[in-house]
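# Per-entry structural report
Given next are the chains, with one letter for each unit.
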Amino acid sequence: MSNVLSLTTFLPILGVLLLLFIPKDSKGVLRNVTLGVTIVTFLVSLIILTGFQSNAEFQFTENVPWIAAGPFIMRYNIGIDGISLWLVILTTFIMPIAVLSTYTAVEEKVKEYMICLLLLETGMLGAFISLDLFLFYIFWEVMLIPMYFMIGIWGGKNKLYAAVKFFIYTMVGSLLMLVALIFLYFKGMEAGITDFGLLNFFSLKLDMATQIWLFLAFAFAFAIKVPMFPLHTWLPDAHTEAPTAGSVILAAVLLKMGTYGYVRFAIPLFPDAAQKFAPLIATLAVIGIIYAALVAMVQEDVKKLVAYSSVAHLGFVMLGIFAFNTEGITGGMLQMINHGVSTGALFLIVGFIYERRHTRLITDFGGLSKQMPVFATIFMIVTFSSVGLPGTNGFVGEFLILLGAFESQLRWWTIVATSGVILSAVYMLWVFQRVMFGELDNPKNQKLSDLNVREVVIMVPLVVLIFFIGLYPKPFIDKMEPAINKLVAQVHVSSVNAQVIPDAEMPAGHPGMEQMPVGHPGMDQLPAGHPAVDVPSTPHAEPVVNPHEAK
Amino acid sequence: MDMILIPVVNMTPILPEIFLSVLAMALLLINVFVPGKQKSYLAYISFIGIVAAAVLVGAGWGSHVESFGGSVVLDNFATFFKMTFLVGAGLTVLIADKYMEREECNHGELYSLILFAVVGMMLMASGTDLMTIFLGLEVMSVTLYVLAGFNRANKKSNEAGLKYFLLGAFSTGFMLYGMALIYGATGTTRLYKIAEVVGQMTLPSTNIMLVAGMLLMMTGFAFKIAAAPFHMWTPDVYEGAPTPMTAFMSAGPKAAGFAALLRLFLVALPALQVEWSQVLWVLAVLTMTVGNITALRQDNIKRVLAYSSIAHAGYALVGFAAGNGTGTAGILFYMLSYSFMNIGAFAIIILVAKKGESNGNVSDFAGLGFKRPVLALAMTIFLFSLAGVPPAAGFIGKFYLFSGAIQKGYIWLAVIGVLNSAASVYYYLRIMVFMYFKESTEDFEWVHVTPPVALALIIAVAGTLIPGIVPSVILEYAQMAVKLL
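A brief report on the enclosed structure follows. The shown structure was predicted, so the numbers you read here are calculated from the model rather than taken from an experiment.

### Concerning the interface of chain B and chain A
Listed as interface residues are 30 residues of chain B and, on the opposing side, 27 residues of chain A. When its residues are assigned to classes, the side of chain B that touches chain A shows 22 nonpolar, seven polar and one charged.

Here's what the structure looks like:
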C-alpha cells in the first residue's frame, strides 16, 4: 500500500473516466456512481488515517522524477504530515456529503456536474499532499477550473459575475506567487538545491529583504484564497451564486487552501518575514472578524450571512496561526476542520430550505421549528457549533486560538477578536430565531415538509463530528501536534539564528515559549518539569471540562 | 578561356526546402491539369508532403552542416523551428479545405502558396547571412500578402491583403536599411563574421551606425512578429484574411520572425546584448499590455485572437529580453505550443462560422458547450492553454519564459508579464462564458466536422495537452536547440 496517497488522490479521476461511459440521461446512475466513487475514496483515505504515525515526519511519501528540463527539476513528490492529514480526510469526508446533497438540487447537466465535483476533489487532494512546490502550484490552479464551471453553469442569477470574479481574483494572486516561486528556486539553486522539493527550501537561509518580498507574494495569493479582509469580496459573491454542493466544498475545503498555504509554505519558508508581518496580518484578521460579523448581522439573505460568517471564522484561524505557538496553530488547524464541518453544514441547511421554498430571504421564513422539528434540532446544533458553544467543536478551536494568541505577542489583538465571538453569537442566534421561531404566518411555510431520510443521512455525520470534536478532540490534536511543534520550532529557531528582527519578538514574561526544543526526541511526550509542559496539555484538559459546561 | 568554376555545394541543409519547393510547383501543375472544382486532393497531397518534409527535417536533428559559403546552416535550432513551421502548415492545410469550399474561393494555388511560405520561413530559420535571412523573409512575406487577400470576392480580405502588403513593404524597407548599416559598420553580412568584427570593437555600443542598424532591423522584425507599437496592421489583417490563413499567419511567420531575430541577435550581436535586451524589455511590456488591454473589448472572435496573438508575442519577447538559455528555450517551446493551441482554436472558429464569415462574434458561441460538447471541450483546452492555466502547454511555455526573465534578474518584467497573463484570462473566460453559461439560440447543426478537421483537432489537442503534462518531450529538444547557438 505504498501508493495509497496517490490512489486516494486520483481515484476521483478514475471515476470521471467511468462517468464518461454513462449516458447523460441516466441521472440516477450518474449520481450513484459518483457517490460510490467518493465513498470509496473516503474509505481508502481511512487507510491513511489508521496507518498514520503520530510523529512530525512526512508519511506515505512518494517521490519520482517528473520534469527535468533546463534549470528546473520537478518531481512528483507527495506525502502528508499531521497538518495535511486532517485536511485530506476532511476533503474525502465532505465529498460524499456534497454529492448526496445534489440528488434533488441538480436536475440539469448532471453528468457534467458530477465530473466537475470529481475533478475538484482530485485538485484539492493534490494540493494538500504536494511536497513539490511546482506540483502544488499545478494542483492549486487546476482546482479553479471545475469550481469556475460549477459556479458559472449551475449558479444563481448573478453567476457570470461571480464565476469570473472568483477565477480572476485567485489567478492574480497565484500568478504573483508563481513569480516568487521561480525566484525562490533560483535562490535555492545558488545554495545547491536541485529540485522544487519543499523540504529542501526549509534549510535555505534567505536575507530579510528577500524573505519579505517572497513572503508578500505568497501571503497575497493565500490571503485572497482565505479570504482575508480586504481581499474577501469575491467570496460572498461566489458563495451566494454557487450551487449548494459548490458552496459546501468552497467553504469546507477550498478556503482551507489559503490557511493551509500559510502553515505549509509561507510561514516555514520565510519565518522571519512571517514574524515581521504577524502584527499586520493579525490586524487584518481581527478587522475581518469584526467587520464580517457586523456585515453578516445585517444580511437579508441567509446564504450571504453564512458566507460572511466564513470570513469571520477564517479570521480566527489566521489569528491562531500567526500566534506562532502550539496552542494557537493547533487551534487554527482544528478550527479549519471545524469550520469545514459546521459551515459546510450551514450551507447544506440553507440548501434544504432553498430547495423547498426557492428563496433565501430571512423575512420569508419564521416559525419553521413547528413545521420541521428535525430540521430545527439539526440547525440548532450546527448554529451552536458555529457560535462556538462549549461541548461543540467550535468551542475547542476558538478557545485554543484565543489562548494561544493571548499568550503570544498578539495579546491586544486577541482582546479585540474575542468580541467577535460575541458578535457571531448575535448574528447566528438572531438568524436562527427569525427563521425558526415566531409565528408560522407565511402560508407557503405551513406546508413545508421536514427533512427526508436522505437529508438526515447527509447531516448525521456532520452532527456526530461536531460533538465528537467538541467532547474528545484528543485524537485529532494528537495526530497534528508533532507536526505543529516542528513548525513552531522552525519559526522560532529561525528568528533566533537570523537575529534580524530586533523588536518583533515574543513578549517578555513567557520564557517557555521561546524554548521550543529543536528536534527534541520526545516532542510529543513532553517530560514533566519541562517549562512548556502545560502548554500542549491544555487541549487535552479541555474536553474534561466541556461536557459539564454543556449541560 | 577559363572554365567557370561551379563550387561543390552541399545541398543537405536545404533538402527540405528543395523538396517543398518542388512539391509546391508540382501542385501548381496538377491544379492546372486536373479538371474539376473539387480541390480537396490538393490538401491531402500537401499534408502528406508536409509529413514527408517533417521526416526529412527530423533526420537532420543533431547534425551541424554549413553550406553556401556559410550563409545557410543546418543545426538543431533551425531544425526545431522548421518542425514548428511544418506543424503550423500541416494543421492549416487540414483545416483550410473545408473553409475554402464554404467561402467559394477554393483555388488550388492556395496550397502551393502555403508551401512556398514555409520554404521562406525555413530559410529564415537556417539563414546565417543577412542576405539569406532577407531572402527567406521576402519569400514568406510576399506569399503571405497573397494569402491574406486570397478571398478575392470578399472586400475585407482584399483590404487585409493590401494593408498587409503596404505596411509590410514599409517595414521591409526599415529592415533592409538596418542590414545595410550593419554591413557598413562591419563590412560583412555573415552573422559569425559580424560577431567577430563587433567583438573586436572597443566600445560597440558607441558605434552609431551599428546601433542604428540594430534598431532598424529590430523595427522591421517587430513589425513581422506584431510587437507593439508596430502591431497596428495585425487586427485588421487577421480579421480580414480567410480564417485558415489567419491561423497560419499567427503561428508560422511569428515563429519565423523570432527564429531570425534570435539568431541575429544571439549570434551576430551578443556584444550588444545589454543594449538590445533593454529595448526588448520595453517592447515586451508594451506588446503584452497593448495586446491584452485592447483584446478585452473585442467582440469579433478573430479580433480577440488577433490581439491575443500580439500579447503572446509580448510573452515571447520577455524570454528574449532575458536572452539566456531558459528564456530562449522557452521561446522555442512556446512557439511550437502556440502553433498547436492557436490553430486549434481557429479550427473551431472555422467550424462555428457560417458562409461569408458570419457568425464570428464571441456571442455566437453561446450554448456551444452543451450542443457540441466535444468541440467545446477542445476549445476550452485551447483557451485555457492560451490563458496559461496548467496543465496545458501554454502554462509551461510561460513558466519558462518568465523564469528566464527572473533568472536574468528582470523580476519586474516577469511581474508585469504575469499580471498581463491574469488580465488575459478575462477575455478567454469570456468565450467560455458564452459557450457554457449562456443559453443557446442556435442548434449548431451546420457544424460539420470533416475527417481532416477532426484529425487537425486531435493533433492540436494532443499537442496542447501532452507537452503540458510531460513537458520534457519537447523542452529537452528546445534546450538542445538553443545550446549550440
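There is more to say, and it comes next.
### Things to note about the environment of G187 of chain B
As for its placement among the helices and strands, G187 of chain B is situated in the loop between α6 (155–186) and α7 (191–200). Between the alpha carbons of G187 of chain B and V415 of chain B there is a distance of 41 Å; along the sequence they are 228 residues apart.

### What to know about helix α6 (residues 144–154) of chain A
Residues separated by three or four positions in an α-helix point in the same direction, a consequence of the helix having 3.6 residues per turn. Judged by how many residues are buried, α6 of chain A sits mostly within the fold: 10 of 11 residues are covered. Where α6 of chain A is concerned, the buried positions are L144, P146, M147, Y148, F149, M150, I151, G152, I153 and W154 of chain A.

### Details of the nonpolar core
Counting residues in hydrophobic clusters, the biggest one holds 395 residues, and the most contacted among them are V179, F218, A266 and L319 of chain A together with V118, A321 and A347 of chain B. Leaving out residues up to four positions away in the same chain, A347 of chain B has contacts with I95, V453, A456, L457 and A460 of chain B.

### Considerations on the environment of L465 of chain B
Residues and elements named next belong to chain B. Along the chain, L465 turns up in helix α18 (residues 451–469). Considered as a pair, L465 and V274 are 191 residues apart in the sequence and their alpha carbons are 36 Å apart. Residues in contact with L465, not counting those within four places in the same chain, are I381 and A392.

### Some points on the pairing of strand β2 (residues 72–80) of chain A
Looking along a regular strand, one sees side chains alternate from face to face of the sheet. Looking at chain direction, strand β1 (residues 59–69) of chain A and β2 of chain A are connected through eight bridges and run antiparallel. Within the sheet, the bridge partner assigned to P65 of chain A lies in β2 of chain A and is R75 of chain A.

### Topic: the environment of A311 of chain B
Residues and elements named next belong to chain B. As for its placement among the helices and strands, A311 is situated in helix α12 (residues 301–322). Taking the C-alpha atoms as reference, A311 lies 8.9 Å from A295; in sequence the two are 16 residues apart. Aside from chain neighbours lying at most four places away, what touches A311 is M288, G291, N292, A295, N420 and S424.

### Focus on the packing of helix α13 (residues 302–321) of chain A against helix α14 (residues 326–357) of chain A
Residue and element names in this part refer to chain A. Packing of α13 against α14 brings their axes to within 8 Å, and their N-to-C directions diverge by 175°. By the angle between their directions, the pair α13 and α14 is classed as roughly antiparallel. Taking contact as the criterion, the partners of V302, K303, V306, S309, S310, H313, L314, F316, V317, G320 and I321 in α13 are, on α14, G328, I329, G331, G332, Q335, M336, H339, T343, L346, F347 and V350. Broken down by class, the residue content of the contact of α13 with α14 amounts to 11 nonpolar, 10 polar and one charged.

Calculation notes
- Residues numbered from 1 in each chain as written.
- Chains lettered and ligands numbered in written order.
- Predicted model: local features only at pLDDT ≥ 70, side-chain atom pairs only at ≥ 80, totals over all residues.
- Contact = placed C-beta atoms within 7 Å.
- Nonpolar A, V, L, I, M, F, W, Y, C, P; charged D, E, K, R; others polar.
- Helix = DSSP H or I, 4+ residues; strand = E, 2+ residues; numbered from the N terminus.
- Buried ≥ 20, exposed ≤ 12 C-beta atoms within 10 Å, placed from the backbone.
- Core = buried A, V, L, I, M, F, W, Y, C linked by C-beta atoms within 7 Å.
- Pairing = 2+ DSSP bridges.
- Axes fitted to C-alpha atoms, helices over the stretch in contact; angles between N-to-C directions.
- Parallel < 35°, antiparallel > 145°, perpendicular 65-115°, else oblique.

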